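Understanding the architecture of this molecule
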Amino acid sequence: MTTSSYIGRFAPTPSGHLHFGSLVAALASYLDARHVGGRWLVRMEDLDPPREMPGAQDAILRALEIYGLHWDGEIIRQSERQAAYAAMIERLLQQGLAYACNCSRKQLEGHHGIYPGTCRNRQLPPDDAAIRLRVPELDYHFCDRVQGKYRQHLAREVGDFVIRRRDGLYAYQLAVVLDDAWQGITDIVRGADLLDSTPRQLYLQELLGLPQPRYLHVPLIIQPDGHKLGKSYRSPPLPADQAPTLLVRALRALGQQPPEALAACSTDEVLDWAISHWDALRIPRCRTLAEAQLR
Ligand code: GLU
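Residues numbered from 1 in each chain as written. Predicted model: local features only at pLDDT ≥ 70, side-chain atom pairs only at ≥ 80, totals over all residues. Heavy atoms only, no water.

For the protein, the name recorded in an unreviewed UniProt entry is Glutamyl-Q tRNA(Asp) synthetase, with Pseudomonas fluvialis as its organism. You can read under Sequence similarities (unreviewed entry) in the UniProt record for the protein the words "Belongs to the class-I aminoacyl-tRNA synthetase family. GluQ subfamily." The Function (unreviewed entry) field of the UniProt record for the protein holds the comment "Catalyzes the tRNA-independent activation of glutamate in presence of ATP and the subsequent transfer of glutamate onto a tRNA(Asp). Glutamate is transferred on the 2-amino-5-(4,5-dihydroxy-2-cyclopenten-1-yl) moiety of the queuosine in the wobble position of the QUC anticodon." (UniProt positions renumbered as here; feature names shortened; annotations may be inferred.)

Here the focus is the sheet that holds strand β2 (residues 39-44). On the basis of which strands lie adjacent, the open sheet formed by 3 strands has the order β1-β2-β3 and parallel pairing. Unpaired on one side and paired on the other, β1 (7-10) and β3 (76-77) mark the two borders of the sheet. Of the strand pairs in this sheet, β1 and β2 are connected by 4 bridges, and their pairing is parallel. Its bridge partner lying in β2, phenylalanine 10 is registered against valine 42. In this fold helix α2 (residues 56-66) packs onto β1, β2 and β3, with an angle of close to 160 degrees to the strand it touches most, β2. The strands touched by helix α6 (residues 172-182) are β1, β2 and β3; relative to β2, the strand with the most contacts, the crossing angle is about 145 degrees. (Pairing = 2+ DSSP bridges. Helix = DSSP H or I, 4+ residues; strand = E, 2+ residues; numbered from the N terminus. Contact = heavy atoms within 4.5 Å. Axes fitted to C-alpha atoms, helices over the stretch in contact; angles between N-to-C directions.)

The next thing to look at is the pattern of salt bridges. A complete count under the given rule lists 14 salt bridges for this structure. The partner of aspartate 72 in a salt bridge is arginine 34, with the nearest N and O atoms 2.8 Å apart. One end of the pair, aspartate 72, is in the loop between α2 and β3; the other, arginine 34, is in helix α1 (residues 20-35), with 38 residues separating them in the sequence. For arginine 145, the salt bridge identified is with aspartate 187, shortest N-O distance 3.8 Å. Of this pair, arginine 145 sits in the loop between β6 (139-144) and β7 (148-153) while aspartate 187 sits in strand β9 (residues 187-191), placing them 42 residues apart in sequence. Residue classification places arginine 145 among the partly exposed positions, given a relative accessible area of 30%. Given a relative accessible area of 2%, aspartate 187 falls into the buried group. Residues joined by salt bridges that share partners form a network here, namely Arg9, Arg43, Glu45 and Asp180. (Salt bridge = Lys/Arg side-chain N within 4 Å of Asp/Glu carboxyl O. Buried < 20%, exposed > 50% of the residue type's maximum accessible area, 1.4 Å probe, protein only.)

The next point concerns helix α7 (residues 198-208). When you tally the buried positions in α7, you get 9 out of 11 residues, the bulk of the element. Among the residues making up α7, those that are buried are Thr198, Pro199, Arg200, Gln201, Leu202, Tyr203, Leu204, Gln205 and Leu208. Glycine 209 sits one or two positions beyond α7 and adopts a positive phi of about 70 degrees.

Right, let's talk about unusual backbone geometry for a bit. If you check the backbone angles, histidine 112 has positive phi at about 55 degrees while not being a glycine. Relative to the elements of secondary structure, histidine 112 occurs in the loop between α4 (105-108) and β5 (130-133). The backbone of glutamine 257 sits at a positive phi, close to 50 degrees, despite the residue not being glycine. Tracing the backbone shows glutamine 257 in the loop between α8 (243-253) and α9 (267-277).

Below you can see the structure in the form of structure tokens.
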């Protein structure tokens, strides 16, 4: 039973197994919701079939269940939301807020990932082209519950960004904003690798008249070579028989100070302790944490 208006979510991309870093993010989001009696949803961000690992969707959901992170309601899949994204692209094009771009990758080299605006006023037909959103010459800022104040000047630091790729696939930035609003998400808890996507999402929310959720970005768990877990290699699945141990390790990563004895308890006991003792203020105020230091 839920007793508050809090609605959180975990939104994995099925490009690989759930790994320790995604467990930390999922756990933080779950605990932040359950501590206040809120709802916790799972949304499969399967926007990019070529990047999807066969079987990853089921494997992620199974791992969440084994680790005791039970979600509310039905799973939403972004692959089933294409009509909503298409309608929004259409609307943004009609309003002149977005435009078609046929710049090649080569043309964009040397701009440090910031789109130089080449196609802004070219009125190209949208078929067979990428669609970019015009960004304003403005600073967007918000106060993250862990990372504090964060600001970004959209025009200078990002540039007009892609909301539909040339191959017709919809971009994460557009889908995430539409779906968070559609699902009534009040609180977004996710990895700090998405901190610098947030100003783009704030701009889209403002443009579309959508409510702005609260944000909490947890430190990203990194490998000794500085890479995000699961990015540079295919992570193996989380071991099914070590859920209490790994949940306790994830709690430590989140600064929660679980008692030593907790690792010998059942998964449900670990989570019960964690829900009642959850304190987001204890989460380390840093962007990354080295996995090796958490063992
Ligand atoms: N699907 C994204 C990822 O797995 C997360 C999106 C989000 O939480 O906003 O990195």
